[in-house]
Each structure stands twice: as C-alpha cells, then as structure tokens.
Amino acid sequence: MVASSITAAMNLGYLTVLREAAGYVGGYLVTNSWGRPLEFRLSTSVQPSRVQLILYGGTLEPYICGELVGKALVEKTATHAQLIVTDCESALELRQRLDTPVVLLKDDPLKSDQPGNGLLGRRGPVFCHPRFPQDAEAASEFLGRLDPAYNLAEPFARIREALSEARKMGAMSRG
C-alpha cells in the first residue's frame, strides 16, 4: 500500500481595505501555502456620500469594507481560498456573506476590542467573527498545517505596495 502524496490545495486569501482621502480601496491576494501569488485583484475607490454617512452611521464602514469592497473582490477571483485573512477589522464582516472562514490578524492583541475568540500562537493574534466561533477551530487547523516559518502578516505589505503601484499607474481611478 502506497501513501498518497497528493494533498488538497491550501490557498490563503489576504484582504485589506484602506481608507484614503478619495475613499475606501481594497486589495485581495490569493497565495498558495508557500506565499506565492496565485491571483490578485484590486478595487476602485468607494467614496460614501454625506447622506450614506448619516443613514448608515456606525454600520457604514463594515458595509463598505465587507460587502462592497471585500465581497466584490472575492467573488471576482477565480482561485478559491480555504481561509481568508484580513488586517482590517471592518472587513471581517465579509464572513457574513461567505461560507469561507474569514479571520482578522491583529498586530497587537492588547489593542483589540474583539471578544474572546482569538487564537494566539506563533502567527500572532488571529480573531474570527463573533457570529462564527466555529471558524476559530477551522482557522487553527489550517494555520497549523503551514510551515512554522511562514509569516502570515507579510503578504499585506505586498498588497499595499501593489496598490501603491496601481495608484501611480492610474489603474484604481478607472471604473
């Protein structure tokens, strides 16, 4: 009997949404388990109107980051990620629109106001959406299968740099 060396794909999605003077802009990078890029998408800028600011109140930013920017980027991507990591707390709302676990990577667990659903480990503080506590176990299992040297935060620097380059080329101002 020969053991199978074929394992299921382990793709990670990285979503970040930045608030800029021109509005909210997002980038979504799907990598393999070694951090190599498989697919990248960026959004155009989303600028809420004054009326939207008033009507949505405190729910506006999670709506923009999770539903408008995040969901659009993930849906337009052909490469499926088994886990989506975000560094934008408001983008965690994307989880309510997907079946895929979405986790928030925080740089400082002491500054987080997230409830006690965090996974603290060698990869840093990771939190799941409060309405999906079962994601903590799924994320922990997935992250545990990654190489211990894998830097979970590093792809966000690549996304920001790519967004900066796209901005210079004018790609983000096109509809």
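For the structure itself, consult the block above.
Residues numbered from 1 in each chain as written. Predicted model: local features only at pLDDT ≥ 70, side-chain atom pairs only at ≥ 80, totals over all residues. Heavy atoms only, no water.

Describing the packing of aromatic side chains
Our working definition: Aromatic pairs are defined between Phe, Tyr and Trp rings, using the six-membered ring for Trp, whenever the two ring centres lie within 6.5 Å; interplanar angles under 30 degrees are classed as stacked, those over 60 as edge-to-face, and all others as tilted. Secondary structure elements are taken from DSSP: a helix is a run of H or I of four residues or more, a strand is a run of E of two residues or more, and numbering for both begins at the N terminus. Using a 1.4 Å probe on the protein chains alone, a residue whose accessible area is under 20% of its type maximum counts as buried, one over 50% counts as exposed, and one in between counts as partly exposed. The criterion for a charge sitting over a ring is simple: Lys NZ or Arg CZ within 6 Å of the ring centre, and within 35 degrees of the ring normal.
All told, the structure shown has two aromatic pairs when counted by the stated rule. Ring centres of tyrosine 14 and phenylalanine 156 lie 5.3 Å apart, and the angle between their planes is 85°; this geometry places the pair in the edge-to-face category. Placement of the pair is tyrosine 14 in strand β1 (residues 12-20) and phenylalanine 156 in helix α4 (residues 154-169), with a sequence separation of 142 residues. Side by side, tyrosine 14 and phenylalanine 156 carry an identical accessibility label, which is buried. A centroid spacing of 4.9 Å and a plane angle of 25° characterise the contact between tyrosine 56 and tyrosine 63, whose relative ring orientation is stacked. The ring of phenylalanine 132 carries the charged tip of arginine 95 above its face, separated from the ring centre by 4.0 Å.

Remarks on the nonpolar core
Here is the rule we go by: Among buried residues, the Ala, Val, Leu, Ile, Met, Phe, Trp, Tyr and Cys ones that are joined through side-chain atoms within 4.5 Å form a nonpolar core.
Core analysis: the largest hydrophobic core is formed by 22 residues, its most contacted members being Leu12, Tyr14, Val85 and Leu152. Elements with a minimum of two residues in this core: β1, β2 (23-31), β4 (83-86), β5 (102-105), β7 (126-128), α3 (134-144) and α4. Here the element with the most residues in this core is α3; it accounts for four residues.

Keep in mind these numbers describe shape, not what the thing actually does.
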